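# Residue-level structural notes
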Amino acid sequence: DAKTTQPPSMDCAEGRAANLPCNHSTISGNEYVYWYRQIHSQGPQYIIHGLKNNETNEMASLIITEDRKSSTLILPHATLRDTAVYYCIALNNNNDMRFGAGTRLTVKP
Amino acid sequence: DAGVIQSPRHEVTEMGQEVTLRCKPISGHNSLFWYRQTMMRGLELLIYFNNNVPIDDSGMPEDRFSAKMPNASFSTLKIQPSEPRDSAVYFCASSGYGTSGRGSYNEQFFGPGTRLTVL
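The rules we used
Residues numbered from 1 in each chain as written. Chains lettered and ligands numbered in written order. Predicted model: local features only at pLDDT ≥ 70, side-chain atom pairs only at ≥ 80, totals over all residues. Heavy atoms only, no water. Helix = DSSP H or I, 4+ residues; strand = E, 2+ residues; numbered from the N terminus. Rg over C-alpha atoms; globule rule 2.2 N^0.38 Å. Buried < 20%, exposed > 50% of the residue type's maximum accessible area, 1.4 Å probe, protein only. Contact = heavy atoms within 4.5 Å. Areas by Shrake-Rupley, 256 points an atom, 1.4 Å probe, with all protein chains shown as cover. Lys, Arg positive; Asp, Glu negative; His and termini not counted. Charge placed at Lys NZ, Arg CZ, Asp CG, Glu CD. Buried area = accessible area lost by both parts, 1.4 Å probe. Salt bridge = Lys/Arg side-chain N within 4 Å of Asp/Glu carboxyl O. Polar contact = N/O pair within 3.5 Å; in protein donor to acceptor, adjacent residues only side chain to side chain. Pairing = 2+ DSSP bridges. Axes fitted to C-alpha atoms, helices over the stretch in contact; angles between N-to-C directions. Phe/Tyr/Trp six-rings, centres within 6.5 Å; stacked < 30°, edge-to-face > 60°.

### Points about the overall build of chain B
What chain B contains, in helices and strands, is zero helices and 11 strands. Going from N to C terminus, chain B has its helices and strands arranged as β-β-β-β-β-β-β-β-β-β-β. In terms of overall dimensions, chain B is globule-like: its C-alpha atoms have a radius of gyration of 14 Å, near the 14 Å expected for 119 residues. Along the longest, intermediate and shortest principal axes, the C-alpha atoms of chain B span 45 × 25 × 25 Å. Here chain B, with 119 residues, has 50% of them falling under the buried criterion. For chain B, contacts bridging at least 24 residues in sequence account for 57% of all contacts bridging at least 6. With the model as given, the accessible surface of chain B reaches about 5,800 Å², and the carbon-plus-sulfur share is 50%. Counting 11 positive and 12 negative side-chain charges, chain B places the averaged centre of each group 4 Å from the other.

Here you go:
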């Protein structure tokens, strides 16, 4: 599976959009981009995934560049409860998910 | 559905003792995963099962660790003998299409974890 690169930390003001970038320049054609988050002391939680089209669900939006070398997770109106570590993972359908260090997002009042 | 259930939630034991962690996946899910999380190494995949069969155990640290899945609704992770460096939070996760249609191929649902402390 392709390696991903994320900034170690980011801050966001409450109520504003949080845009979390992820670089996956070596992603292959059959690898999806998955996003999970881990709130302190809890297990990771699935957020969203996509292959090449942009995706949106009740939690977030995922924007994938046309060349698929990078993506952005968007939390449209961040709340204090969105403070967590966010993981971007490039994965084909083999269930072998490897978490990196992720981005620690802090939402501030 | 109660989600993935893990027990115990906390375990404190002495070096050399046997430790057994338990996991009940979401009903109908056919894949089960064991992870370990520490500050130093982050979240590591130890082993995963598809349809109760171990597929990849390359993440298991050493022979002291073993995992079983005797049926679709139960799995154990055993450490024998335990060492202080095994202290970590151990997560179990499951994936697959549940009986209520919940889930997708790679959407893993994590349990609350077991915090293990080996003295």
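Structure shown, so let's carry the discussion forward.
### Things to note about the environment of A:Gly50
Residue and element names in this part refer to chain A. Examined against the element boundaries, Gly-50 turns out to sit in strand β4 (residues 45–50). For Gly-50, a relative accessible area of 2% translates into the label buried. Along the sequence, Gly-50 and Thr-103 sit 53 residues apart, while their C-alpha atoms lie 19 Å from each other. Excluding residues that lie within four positions of it along the chain, Gly-50 makes contacts with Tyr-32, Val-33, Glu-55, Leu-62 and Ile-64.

### Focus on the interface of chain B and chain A
If you look at the interface, chain B gives 20 residues, while chain A gives 19 residues. Around 1,500 Å² of area is buried between chain B and chain A when both sides are counted, 45% of it from carbon and sulfur atoms. Put simply, chain B and chain A have one salt bridge between them. Here B:Asp56 and A:Arg98 are joined by a salt bridge, their closest N and O atoms 3.6 Å apart. At the surface where chain B touches chain A, the tally comes to two residue pairs in polar contact (both at pLDDT 80 or more). Looking at the side of chain B that touches chain A, the elements with two or more residues in it are β4 (31–38), β5 (42–50) and β9 (88–95) of chain B.

### What about the sheet that holds strand β3 (residues 19–24) of chain B?
Residues and elements named next belong to chain B. Ordered by their spatial adjacency, four strands build an open sheet running β1-β3-β8-β7, and the pairing between neighbours is antiparallel. Strand pairing shows two members of the sheet lacking a second neighbour, β1 (5–7) and β7 (65–71), which therefore form its edges. Recorded for the sheet is a direction-independent mean angle of 15° between the axes of neighbouring strands. Inspection of the sheet shows β7 paired to strand β8 (residues 74–79) by five bridges, in the antiparallel sense.

### What to know about the packing of aromatic side chains
Under the definition given, this model contains 12 aromatic pairs over all chains. Ring geometry for A:Tyr36 and B:Phe110: centres 6.2 Å apart, planes at 80°, overall edge-to-face. Residue A:Tyr36 is located in strand β3 (residues 32–38), and its partner B:Phe110 is located in strand β10 (residues 109–110); the two belong to separate chains. Owing to a relative accessible area of 12%, B:Phe110 belongs among the buried residues under this scheme. Centre to centre, the rings of B:Tyr35 and B:Phe110 are 5.2 Å apart; their planes meet at 40°, and the pair counts as tilted. Here B:Tyr35, found in strand β4, pairs with B:Phe110, found in strand β10; they are 75 residues apart in sequence, far enough to count as distant. Ring pairing ties together the aromatic residues A:Tyr32, A:Tyr34, A:Tyr36, A:Tyr46, A:Tyr87, A:Phe99, B:Phe33, B:Tyr35, B:Tyr48, B:Phe91 and B:Phe110, which thus form one cluster.

### What to know about unusual backbone geometry
Residue and element names in this part refer to chain B. For the peptide bond that leads from Ser-7 to Pro-8, omega is -10°, which places it in the cis range. Residues Gln-80 and Pro-81 are joined by a peptide bond in cis, for which omega reads -5°. Tracing the backbone shows Pro-81 in the loop between β8 and β9. Of note, Asn-51 is a non-glycine position whose phi angle comes to about 50°, a positive value. Within the element layout of this structure, Asn-51 appears in the loop between β5 and β6 (53–56). Positive phi, normally seen in glycine, also occurs at Asn-52, with a value near 75°. Within the element layout of this structure, Asn-52 appears in the loop between β5 and β6. The exposure class assigned to Asn-52 is partly exposed, which follows from its relative accessible area of 29%.

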